[in-house]
Amino acid sequence: MLKVKSVTKKFGELTAVNNLSFDVSQGQVFGIAGPNGAGKSTLYNLITGFYKFDGIIELDGKNISGLPTHKIARLGIARTFQIPQIFESMTVEESVNLGCRFGNIGKYDPGYSDEMIAFTSLQEERHSKTNLLNLLGKKRLMIAAAMATKPKILMVDEPMAGLNAFEIKEMTALIKKINQEVNITIIIIEHFMKVLTELANPILVIENGTQICIGSPEEITSNPEVIACYLGDSHDA
Ligand SMILES: Nc1ncnc2c1ncn2[C@@H]1O[C@H](COP(=O)(O)OP(=O)(O)OP(=O)(O)O)[C@@H](O)[C@H]1O
Ligand SMILES: [Mg+2]
């Protein structure tokens, strides 16, 4: 459903994403791993229309390269951010409602917004200001607001970062539930290899913007280049 074809992004002299090509199929949890600065978040910024780039990105056969972010959102791609991006003066409910409006212009659906608040276990906090949420709450809220746009694809950027072991289990279960119960295709960037290999298949590993390998969790974790560039120092982190 999502096709990335020979995509390259340069920031001045730096090639942040270097000739990447891959396909994400309907229903997959597609994983992306790679060391700090590998170009993972930049790739998300290209898919969601934040920057111009070379190459082509297609959603369901339609070329979405160069479209503005709101058009891409309305076509069905939603994302969360590595550092929580929330509107601090709003309540949880208002924030999720905003997601609803952003995704489905003219089709505001308060029922669906309620459903997403319940789905992400935020009922008790629904009237709280978002800045009062803890980190897990903020991450849940980003997911609820993204889900409220009724996406075909949800892209999450390091959802486990900063969470404790218990919270990681909760977040892992939530991502599985989104994929399996709501049938949303997921793309997940994650540093914790244990979590990534539990959730995702296939997994794409990149370094310096370039593909190192793509394959099943077993293929990735036994690939010598992946072990050398990435797993060697951080897979138990
Ligand atoms: N807007 C920008 N302008 C200039 N350079 C940028 C910009 N955004 C990212 N970069 C650079 O591109 C490279 C890739 O950054 P990116 O944030 O995509 O890495 P990442 O794989 O997400 O890393 P991390 O695991 O630390 O989140 C880095 O060297 C970064 O400094
Ligand atoms: Mg990043």
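Keep in mind the model is a prediction, meaning the values are calculated, not measured. (Residues numbered from 1 in each chain as written. Chains lettered and ligands numbered in written order. Predicted model: local features only at pLDDT ≥ 70, side-chain atom pairs only at ≥ 80, totals over all residues. Heavy atoms only, no water.)

Colleague: I would appreciate a short explanation of the pairing of strand β1 (residues 2-11) in the present structure.
Modeller: Here β1 runs beside strand β2 (residues 14-24); their pairing, made up of 7 bridges, is antiparallel. The residue of β2 that forms the bridge with Val4 is Phe22. Hairpin connection from β1 to β2: 2 residues lie between these consecutive antiparallel strands, with Gly12 at a positive phi of about 60°. Two elements, β1 and strand β4 (residues 54-59), share 5 bridges in a ladder whose sense is antiparallel. Counted as the bridge partner of Leu2 is Leu59 from β4. (Pairing = 2+ DSSP bridges. Helix = DSSP H or I, 4+ residues; strand = E, 2+ residues; numbered from the N terminus.)

Colleague: Mind showing me how you'd approach the domain arrangement of the chain here?
Modeller: The extent of an interface is frequently quoted as the accessible surface area lost upon association of the parts. For the chain, the domain assignment lists domain 1 (2-76 + 151-234) and domain 2 (88-150). In this complex, domain 1 contributes 22 residues to the contact, which on the side of domain 2 involves 16 residues. Across the domain 1/domain 2 interface, buried area totals approximately 1,600 Å², and carbon plus sulfur atoms make up 71% of it. There are 1 salt bridge connecting domain 1 and domain 2. The salt bridge partner of Arg140 is Glu170, with a shortest N-O separation of 2.7 Å. Counting across the interface, domain 1 meets domain 2 through 5 residue pairs in polar contact (both at pLDDT 80 or more). If you list the elements that add at least two residues to the side of domain 1 that touches domain 2, you get α2 (69-75), β7 (153-157) and α6 (165-181). (Domains from an automatic or database assignment. Contact = heavy atoms within 4.5 Å. Buried area = accessible area lost by both parts, 1.4 Å probe. Salt bridge = Lys/Arg side-chain N within 4 Å of Asp/Glu carboxyl O. Polar contact = N/O pair within 3.5 Å; in protein donor to acceptor, adjacent residues only side chain to side chain.)

Colleague: Hey, could you run me through the site of ligand 1 in this one?
Modeller: As a structural note, the neighbourhood of ligand 1 is formed by 15 residues, with Gly37, Lys40, Ser41, Thr42 and Gln82 the closest of them. Contact between ligand 1 and Asn36: an oxygen atom at 3.2 Å from a side-chain N or O atom of the residue. Between ligand 1 and Ala38 there is a distance of 3.1 Å, counted from an oxygen atom to a backbone nitrogen or oxygen. Taken together, the elements giving at least two residues each to the shell around ligand 1 come down to β2 and α1 (40-47). Sorting elements by how many residues they give to the shell around ligand 1 places α1 first, with 3 residues. Each residue belonging to the shell around ligand 1 can be placed in one class, and the counts come to 6 nonpolar, 7 polar and 2 charged. (Near = heavy atom within 4 Å. Nonpolar A, V, L, I, M, F, W, Y, C, P; charged D, E, K, R; others polar.)

Colleague: Before we go on, may I ask you to explain helix α4 (residues 110-119) in this structure?
Modeller: Residues that lie three or four places apart on an α-helix share one face, since the helix turns once every 3.6 residues. All of the buried residues along α4 are Tyr112, Ser113, Met116, Ile117 and Phe119. Across the axial projection of α4, the buried residues extend over an arc of 165°, all falling on one side. Phi turns positive one or two residues past the end of α4, at Ser121, with a value near 60°. (Buried < 20%, exposed > 50% of the residue type's maximum accessible area, 1.4 Å probe, protein only. Arc of directions from axis to C-beta.)

Colleague: I keep staring at the side chain of Glu158 and nothing clicks. Help me out?
Modeller: Take Glu158: it is sitting in the loop between β7 and α6. No salt bridge is formed by the buried Glu158; its nearest oppositely charged neighbour, Lys40, is found at 4.5 Å. Filtering out sequence-adjacent residues up to four positions away, Glu158 remains in contact with Lys40, Gln82, Lys139, Ile189, Glu190 and His191. (Lys, Arg positive; Asp, Glu negative; His and termini not counted.)

Colleague: Honestly, the sheet that holds β2 in this entry has me stumped. Any pointers?
Modeller: Taken together, the 4 strands give an open sheet; going across it, the order is β2-β1-β4-β5, and neighbouring strands pair in antiparallel fashion. What marks the edges here is a single partner per strand, and that holds for β2 and β5 (62-63). Helix-sheet contacts for α1 involve β1, β2 and β4, and the interaxial angle to β2 is about 65°. (Axes fitted to C-alpha atoms, helices over the stretch in contact; angles between N-to-C directions.)

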